[in-house]
Amino acid sequence: MSQSNILDEYLRIVASVRSYVEEQIELGFLSVPASEVSMGAATLVAAYESMEGIRATVESCQKCSLCQTRNNTVFGAGSEQAKLVFVGEAPGADEDRQGEPFVGRAGQKLTQIIEAMGLSREKVYIANVLKCRPPGNRNPLPEEIQACEPYLIAQLRLIKPKVICALGGFAAQTLLRTDQRISRLRGRFHTYQGIKLMPTYHPAFLLRNAKFKRDVWEDVQKVMVEYDREQS
Ligand code: SF4
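Bear in mind that the values here come from a model prediction, so they are computed numbers and not experimental data.

S.K.: Please clarify how the site of the ligand should be interpreted in this entry.
M.R.: Residues in contact with the ligand, as listed here, are Cys61, Lys63, Cys64, Leu66, Cys67, Arg70, Lys131, Cys132, Ala147, Cys148 and Tyr151. Residue composition of the shell around the ligand, grouped by class: eight nonpolar, no polar and three charged.

Below, the structure written as structure tokens:
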């Protein structure tokens, strides 16, 4: 589904919720003034029109059970004008403690990769599919992904990157709706929300398996070719 289709779908849901509430008011089951219902719907739409609006929505989000075990939400970091976005799976313990993405050992490895590409963390954007840490770093559940992915889509809709680099099998499989292994997905571009997406190995995997560094380097070089093409 394209980004504009998703927004249309979102607005359609808002409109149907609004008409349901208005109907309930009409029938006397609710006593909220209609003006407040309109304002509520408008506020909901406005919340997705700015990064701060999405961030505030995430910070108070209780759409899945991970809100009960998180210490902090981990929204994302970097430039809102980034042409390149890195997307991981979910926050780990360090990220949950600090509220920032990729700040542990794997985060340091990602920083090295970004700098080797001639970029900086400030120049790109870094986010995860899930904004709250799954307990014990277990894999995200389908219902958690379904609840949380709209935030990532909203972030991408505002940033409008030219390239996404998916970090690790789980992020790549989630975004591409596939169960293919990362070893088969990496090395070539796919499409997510109309944006070119390159899957590569997760930096945490590289810490344990240094022999895959060359593969990651090949992947990010392809990303850089695309990035440079968009810059020129
Ligand atoms: S993981 Fe996402 S959907 Fe679940 S509570 Fe956190 S922000 Fe909300």
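The discussion continues.
S.K.: I tried to follow the pairing of strand β3 (residues 125-128) on my own but got confused; where do I start?
M.R.: Of the two faces of β3, the one holding Tyr125 and Ala127 and the one holding Ile126 and Asn128 are both buried throughout. As judged from the two bridges shared by strand β1 (residues 77-78) and β3, these two strands associate in the antiparallel manner. Across the sheet, alanine 77 pairs through a bridge with isoleucine 126, a residue of β3. Where strand β2 (residues 84-88) lies against β3, four bridges are found, and the strand directions are parallel. What sits directly across from glycine 88, in β3, is asparagine 128.

S.K.: Is there a simple way to think about the confidence of the model for the chain in this case?
M.R.: Fine structural detail should not be taken from predicted coordinates in areas where pLDDT scores are low. Residues at a pLDDT of 70 or more form 78% of the chain, whose mean pLDDT is 87. The low-confidence segment residues 33-39 (pLDDT under 50) makes seven contacts with residues lying over four places distant or belonging to another chain.

S.K.: Looking at this structure, how should I read helix α5 (residues 105-116)?
M.R.: Think of an α-helix as turning once every 3.6 residues; residues three or four places apart then point the same way. Here α5 spans 17 Å end to end across twelve residues, near enough to the 16 Å set by a 1.5 Å rise per residue. Listed as buried for α5 are Ala106, Gly107, Lys109, Leu110, Thr111, Ile113 and Ile114. In the stretch just after α5, glycine 118 is the one whose phi turns positive, near 80°.

Quick notes on the rules
- Residues numbered from 1 in each chain as written.
- Predicted model: local features only at pLDDT ≥ 70, side-chain atom pairs only at ≥ 80, totals over all residues.
- Heavy atoms only, no water.
- Near = heavy atom within 4 Å.
- Nonpolar A, V, L, I, M, F, W, Y, C, P; charged D, E, K, R; others polar.
- Buried < 20%, exposed > 50% of the residue type's maximum accessible area, 1.4 Å probe, protein only.
- Helix = DSSP H or I, 4+ residues; strand = E, 2+ residues; numbered from the N terminus.
- Pairing = 2+ DSSP bridges.
- pLDDT = per-residue confidence, 0-100.
- Contact = heavy atoms within 4.5 Å.
- Expected span 1.5 Å × (residues − 1).

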